[in-house]
Structures are given as structure tokens and as C-alpha cells.
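Spelled out from the first residue to the last, the chains are:
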Amino acid sequence: MNRTLQGYACLAAAMALVGSTVVASKVIAAGLPPFTATALRFALALPCFALLWRLTGTRLPELQWRDWLLLTAQAIAGSVGYTTLLIAGLQRTSAVDAGVILGTLPLVSAGVAIVALGERPGRATLLAIGAAAAGVWLMTRSGAAEGAGSVAGNALVLGAVLCEGLFILLHKRLHAPVPPLALSAIMCAIGLLVCVPASLAEMPWTLDVSTDALLAVAYYALVPTVGGFLLWYAGAARVAGSDAALFTAVAPVSAVLLAAALLGERLSAGQLWGMACVLGAVFILGWARKPAADMP
């Protein structure tokens, strides 16, 4: 297998693991409150990232106080906000719906950049955002027919994706680039500090915590979080950036297929059409950016 194919395999595996976090979060949502689960996730992942940081000798650049504020905001939005909202949303909606919404991340990120940074979108970007919005509407309408709770859950999951979009935006505002491994360790450390007080307020010791939920947290922390990180950056080092971006489309497909296979969730026609629209939007955005991204 040549270097490029190895990169594609790593990227696809990484995004498949990201998709599996939706199923894991669904299991977690049935047995643990959101902040407690998120705190446990960070507590398990942090030692792994810290060890990798030490073994690789990754150096942290000198950061100004403004950069530390941005890193804290990133952790609160992208680490804490994303995970807790995803778990809270999956207490109210299906993993299939959440998987489809997860696929809107590249489009949500583009929308955040347009609103917050005043970027001027091209026709392809507007078309992609419109296609993604149509996909979410189709899927939400299908879920609403089965119960109003699905609409509230979908809104929470979309809020999680928005938090991840804010994470990406805030990362662009850093004065000094932070190496990915160091960034992951810092996000886990700050996220853990934020989540511990909130998890105490949830009084998890008074709950009947299921073994399945604890195992799902351990899986989320060690396999998609740490393992997915290693796979993604191993793949990204072997292929063009524009090609890597296209592999984000694997995540919603993985989430939907795993939800159907492992959780036994039914796939409605509206959900399938919604997923098709979202995937089409991701590819429109990816190919629109490909020529500029591939320029030296």
C-alpha cells in the first residue's frame, strides 16, 4: 500500500471512530449525566495525551495571556460544550438523527466564519450550506412525526456541532500555533477542571450508574479520542489538506450505520434523504475548496 492509500485508510478509520462516538454517547446518555460523563472522559484521556506529549518531546510555544484565554474558551466550547450537549441531545433523540447532524460540521464551521469573521461566501459555499440545511430539515421533520422530543434533542445536537464550529474559529485566532498533541492535552486538562464542579452538582453518587455507560465512556475516551487523534494526524501527514477534509463525510455515515446495526434504530426515508443532502453538501464544499487548498 503506497503512502497516499495509507493516509486515506487512516483518515477513514479516524472519521469512522468519530461517528462511533454518537453510538457511545447514546449508551452514556442512558446511564450517566452529561457533565459527569464528560469529566470521566477527560480524566481517562488526559494521562494518555500527557504521556504521548512527553514521549514525543512536543514543545509548547510561548503563549500570551490572550492565547490562554482563547484556549480556555476553546475547551469550554469545543470540548465541554460539544460533549455535554451531544449526550444531553441523545437523551432526547435518536443516534441516527444525531449522526446526520454531525455531518453538518464543515458547513456549520463555514457559517460561523461568515457570521463572526465577515468572510464572503462563494456560490458553492452557499449551495452547500443550503443543501445541509435542507438535509437537517428533512430529518427533523421525519423525527418530529415520531415525537416532539426529537426536535428538542436535535436542537441540542446541533448546538454541540455549533460549539465545535466555534472551537475551529477560536483556534484560528491564536497568535502562536499550538502543536495538535499539546492542544489535545490542554483541552482535556481545562475541560476536566471545568467539568468537575458541574459533575458534583449532578450528584452522580446518588444515581444507579450502569456498567454499559461506564464502558462507553472508557471507549469514547481511549478509542475515538486518543486513537482517533493518532489516526487522523497520521493520515493528514500523508495526503493533501483538501483530500483530508473530504473524509469528514465518513463520520455521519459511520454514525448512522452503527446506530442501525448496534442500537437497532430504524432508518426512515426522511433520515436517508437528509443524510444524502448533508453528504452532498460536504462534497460540494470540499471540491469547491480543493483548487485553492492544493496550491503551493
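Residues numbered from 1 in each chain as written. Predicted model: local features only at pLDDT ≥ 70, side-chain atom pairs only at ≥ 80, totals over all residues. Heavy atoms only, no water.

Per an unreviewed UniProt entry, the recorded name for the chain is EamA domain-containing protein, and the organism is Achromobacter deleyi. UniProt's Sequence similarities (unreviewed entry) comment on the chain is quoted here verbatim: "Belongs to the EamA transporter family." Listed under Subcellular location (unreviewed entry) in UniProt, the entry text for the chain is "Membrane". (UniProt positions renumbered as here; feature names shortened; annotations may be inferred.)

*Asks:* Is there a simple way to explain the nonpolar core in this structure?
*Replies:* A general trend in soluble globular proteins is that nonpolar side chains are found buried together. Counting 51 residues, the largest nonpolar core has Val22, Ile28, Leu86, Leu90, Leu107 and Trp232 as the members making the most contacts within it. At eight residues, helix H1 (residues 3-29) tops the list of elements feeding residues into this core. Core analysis: the next-biggest nonpolar cluster, separate from the first, contains 14 residues, Leu63, Phe167, Ala176 and Met187 among them. (Core = buried A, V, L, I, M, F, W, Y, C linked by side-chain atoms within 4.5 Å. Buried < 20%, exposed > 50% of the residue type's maximum accessible area, 1.4 Å probe, protein only. Helix = DSSP H or I, 4+ residues; strand = E, 2+ residues; numbered from the N terminus.)

*Asks:* How should I be thinking about empty space enclosed by the protein in this particular structure?
*Replies:* If a probe as big as a water molecule is rolled over the atoms, it shows which places are left empty. Under the criterion given, the structure shown has one cavity of 30 Å³ or more. As a volume, the largest cavity reaches approximately 30 Å³. Along the walls of the largest cavity sit Ile28, Ala37, Thr38, Arg41, Thr83, Ile87, Val217 and Tyr220, which together make up its complete lining. Listed by contribution, the elements that provide at least two residues to the lining of the largest cavity are helix H2 (34-56), helix H3 (65-90) and helix H9 (211-236). Broken down by element, the lining of the largest cavity gets its largest block of residues, three residues, from H2. Residues that form the lining of the largest cavity fall into these classes: five nonpolar, two polar and one charged. (1 Å grid on protein atoms, 1.4 Å probe; cavity = no way out; pocket = protein on both sides within 12 Å on 5 of 7 lines; lining within 4 Å. Points joined across faces, edges and corners; volume = space filled by probe spheres on them. Nonpolar A, V, L, I, M, F, W, Y, C, P; charged D, E, K, R; others polar.)

*Asks:* Just checking my understanding: could you explain the packing of helix H4 (residues 95-102) against helix H11 (residues 250-262) for this structure?
*Replies:* Packed helices, taken two at a time, are described by the angle between their axes plus the distance between the axes. One can describe the packing of H4 onto H11 by two numbers: an axis separation of 7 Å at closest approach and a directional angle of 175 degrees. With respect to their mutual orientation, H4 and H11 come out roughly antiparallel. Only Ala251, Pro252, Ala255, Val256 and Ala259 of H11 make contact with H4, whose side of the interface consists of Ala95, Val96, Gly99, Val100 and Leu102. Across the contact of H4 with H11, the residue classes break down as nine nonpolar, one polar and no charged. (Axes fitted to C-alpha atoms, helices over the stretch in contact; angles between N-to-C directions. Parallel < 35°, antiparallel > 145°, perpendicular 65-115°, else oblique. Contact = heavy atoms within 4.5 Å.)

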